[in-house]
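As a plain string of letters, each chain reads:
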Amino acid sequence: MDKLSDRVKRLGYSQTFVMSNKAREMKASGIDVISLTLGEPDFDVPDNIKQAAFDAINENYSHYSPVPGFLELRQAISEKLKRDNNLEYKPTQICVSNGAKQAIINVLASIINDGDEVILPTPFWVSYDEMVKMMGGTSVMLPTSYVTDFKITAEQLDEAINEKTKAVLFSSPCNPSGGYYTYDELKSLAKVIAKYPHVTVISDEIYEYINYETKTTSIAQFPEVYEQTAVINGMSKAFAMTGWRIGYSACPEWLAKACEKIQGQMTSGANTMAQRASITALKTDPKEYRYMIDAFKSRRDLMYDLMKEIPGFKVVLPKAAFYFFPDISFYIGKTLKGTEIRNADDFAMFLLENAHVGCVGGVSFGSPECIRFSYAASEEDLKEAMKRIRELLLQFN
């Protein structure tokens with residue numbers, strides 16, 4: 001008898017972790033691998049945030065917190081949303097979770113029934129489709145390309161929504177493309193969504209601060225869809241707190257209560273010391289952490305110049321986050337050094353095995369013709385990685 005559930009058999013492994021683990025194995029065997037796979041800032045947590053965590057330990061914040069998080073943290077999130085996004089959310093509308101990933105799962109678990117459809121503009125973060133599967137839903141993928149800066153149009157969205165559509169899930173700024181939707185683009189999407197009150201928008205804004213051009217707009221800012229929108233955010237990217245596992249959702253009251261109910265039966269409240277430290281992070285002027293974003297921008301500009309010299313790459317300058325997502329369709333269908341390149345995953349493995357540079361293929365991002373590089377790495381590593389790839393691919397051009 002098969003002991004595994006159909007649910008777990010439907011799920012795939014995260015391609016991000018598959019490639020990062022493969023790179024680690026090669027490195028452990030003595031191969032000089034440069035891994036540009038994981039979406040994780042390479043900075044340490046700022047000292048004032050660390051001190052707040054030490055203080056929380058010394059003040060004995062070692063007991064259960066309320067399921068949706070400490071009231072002081074939810075108040076700090078409420079103030080941050082007002083300060084940075086002009087959004088009004090009461091603490092009762094906020095649920096603090098074990099990372100933004102759990103915040104998304106809470107929302108999906110609250111609204112999705114078997115057979116419901118969730119619209120995913122491509123490319124999307126690798127876990128979105130798997131999360132939808134876990135909840136018994138079906139993903140409807142709306143294709144984009146580098147030509148459209150990896151963004152859907154209002155017309156595309158309108159054509160995709162039907163009576164089975166339960167949610168639209170996207171990130172802006174986007175992992176993996178590094179793009180974001182402008183105010184006017186979100187306004188046009190909001191007009192469409194407002195026509196369908198049975199649809200919930202799940203707006204993943206975890207890369208909000210890492211924007212090199214302007215202030216990020218949240219689709220929840222448009223009054224016509226405020227009551228249909230779940231805003232997702234967290235501490236991992238802007239504050240380099242990936243391992244601290246603090247994310248949150250800000251939702252209409254009815255959805256916030258449902259998220260609290262789900263979380264109460266799964267994990268209860270998030271880590272208490274990390275919650276206390278997050279209060280300090282959110283109350284600090286964002287300019288104090290700007291040095292990380294400035295460093296990412298410098299690396300982006302460097303990598304863009306280098307990547308433009310790689311034959312067969314079609315690359316768009318990312319305006320946010322810390323990823324490049326070049327189109328490598330030039331190589332699909334070719335055989336390189338005995339390796340048949342059927343899609344971007346094959347090409348990513350080819351680069352790892354032959355250039356010893358780790359990246360992530362785009363199949364699990366919904367874009368099988370693209371690959372993702374993280375530039376959350378030193379400039380020396382970025383220069384060497386692009387040099388290796390260029391020298392390898394010049395052999396086939």
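Data block above holds the structure.
The following paragraphs examine the structure supplied in this document. Position labels on residues start from 1 in each chain and follow its written sequence. Given that this is a predicted model, residues contribute local features only at a pLDDT of at least 70 and side-chain atom pairs are listed and counted only at 80 or more, while totals for whole chains, interfaces and linings are drawn from all residues. The side-chain figures draw on all heavy atoms in the structure; neither hydrogens nor water molecules are used.

Examining the overall build of the protein
Part 1 of the reasoning: Secondary structure assignment for the protein yields 13 helices and 14 strands.
Part 2 of the reasoning: It is over C-alpha atoms that the radius of gyration is taken, and the globule rule equals 2.2 Å times the number of residues to the power 0.38. Rg of the C-alpha trace for the protein: 21 Å, near the compact-globule value of 21 Å for 397 residues, within the 12% margin.
Part 3 of the reasoning: Over its C-alpha atoms, taken along the principal directions, the protein stretches across nearly 60 × 55 × 50 Å.
Part 4 of the reasoning: Sorting the 397 residues of the protein into buried and exposed places 55% on the buried side.
Part 5 of the reasoning: Residue pairs in contact within the protein that sit at least 24 positions apart in sequence constitute 74% of those at least 6 positions apart.
Part 6 of the reasoning: Note on areas: Shrake-Rupley with a 1.4 Å probe; residue coverage comes only from the protein chains shown. If you sum the accessible surface of the protein, you get close to 16900 Å²; carbon and sulfur atoms cover 51% of it.
Part 7 of the reasoning: Charge convention: Lys and Arg are scored as positive, Asp and Glu as negative, and His as well as the terminal groups of each chain are ignored. Throughout, a charge is located at the NZ atom of Lys, the CZ atom of Arg, the CG atom of Asp or the CD atom of Glu. Averaged over its 44 positive side-chain charges, the protein has a centre that lies 1 Å from the centre of its 51 negative ones. For helices the rule is a DSSP run of H or I covering at least 4 residues; for strands it is a run of E covering at least 2, with both sets numbered from the N terminus onward. Only protein chains enter the area calculation, which uses a 1.4 Å probe; residues under 20% of their type maximum are buried, those over 50% are exposed, and those in between are partly exposed. Contacts between residues were defined by any pair of non-hydrogen atoms, one from each residue, lying within 4.5 Å.

Section: the pattern of salt bridges
Part 1 of the reasoning: Whenever Lys or Arg places a side-chain nitrogen within 4 Å of a carboxyl oxygen from Asp or Glu, that contact is recorded as a salt bridge. This structure, assessed with the given rule, holds 24 salt bridges.
Part 2 of the reasoning: In this structure, Lys80 and Glu208 form a salt bridge, with 2.8 Å as the shortest nitrogen-oxygen distance. Taken together, the residues span a long stretch of sequence, with Lys80 in helix H4 (residues 71-85) and Glu208 in the loop between strand S6 (200-204) and strand S7 (229-234) at a distance of 128 residues.
Part 3 of the reasoning: Owing to a relative accessible area of 2%, Lys80 belongs among the buried residues under this scheme.
Part 4 of the reasoning: According to the relative accessible area criterion, Glu208 is buried, its value standing at 7%.
Part 5 of the reasoning: Here the residues in one salt-bridge network are Asp149, Lys151, Glu185 and Lys319, joined through shared partners.

Quick look at helix H9 (residues 253-266)
Part 1 of the reasoning: Taking 1.5 Å of rise per residue, the 14 residues of H9 would be expected to cover 20 Å, and the 20 Å separating its terminal C-alpha atoms lies within 8% of that figure.
Part 2 of the reasoning: Among the residues making up H9, those that are buried are Leu255, Ala256, Cys259 and Gln263. The arc that holds the buried residues of H9, viewed along the axis, is 100°, so those residues lie on one side. The exposed residues of H9 that point more than 90 degrees off its buried face are Lys257, Lys261 and Gln265.
Part 3 of the reasoning: Each element contacted by the buried residues of H9 is listed here: strand S2 (94-97), helix H5 (100-111), S6, S7 and strand S8 (247-250).
Part 4 of the reasoning: Remark: Ser268 follows H9 within two positions and exhibits a positive phi of approximately 65°. Expected span of a helix: the number of residues minus one, times 1.5 Å. The reported arc concerns the directions from the helix axis to the C-beta atoms and nothing else.

Remarks on the pairing of S7
Part 1 of the reasoning: Of all 6 residues in S7, 6 are buried, a share of seventy percent or more.
Part 2 of the reasoning: Where burial is concerned, the two faces of S7 agree: the one with Thr229, Val231 and Asn233 and the one with Ala230, Ile232 and Gly234 are both buried.
Part 3 of the reasoning: In short, DSSP must find at least two bridges between two strands for them to pair. Relative to S7, S6 runs parallel, the two sharing 4 bridges. Following the sheet pairing, Ile202 is matched in S7 by Ala230.
Part 4 of the reasoning: By the bridge criterion, 4 bridges tie S7 to S8 in an arrangement that is antiparallel. Bridge pairing in S8 links Val231 to Ala250.

Notes on the state of the cysteines
Part 1 of the reasoning: Cysteine sulfur atoms that come within 2.5 Å of each other are treated as a disulfide pair. Under the criterion given, the structure shown has 0 disulfides.
Part 2 of the reasoning: Cys251 forms no disulfide, and the closest cysteine sulfur to it belongs to Cys259, at a distance of 4.6 Å.
Part 3 of the reasoning: The thiol sulfur of Cys370 is not disulfide-bonded, and the nearest other cysteine sulfur, from Cys174, lies at 11 Å.
Part 4 of the reasoning: Judged by its relative accessible area of 0%, Cys370 is buried.

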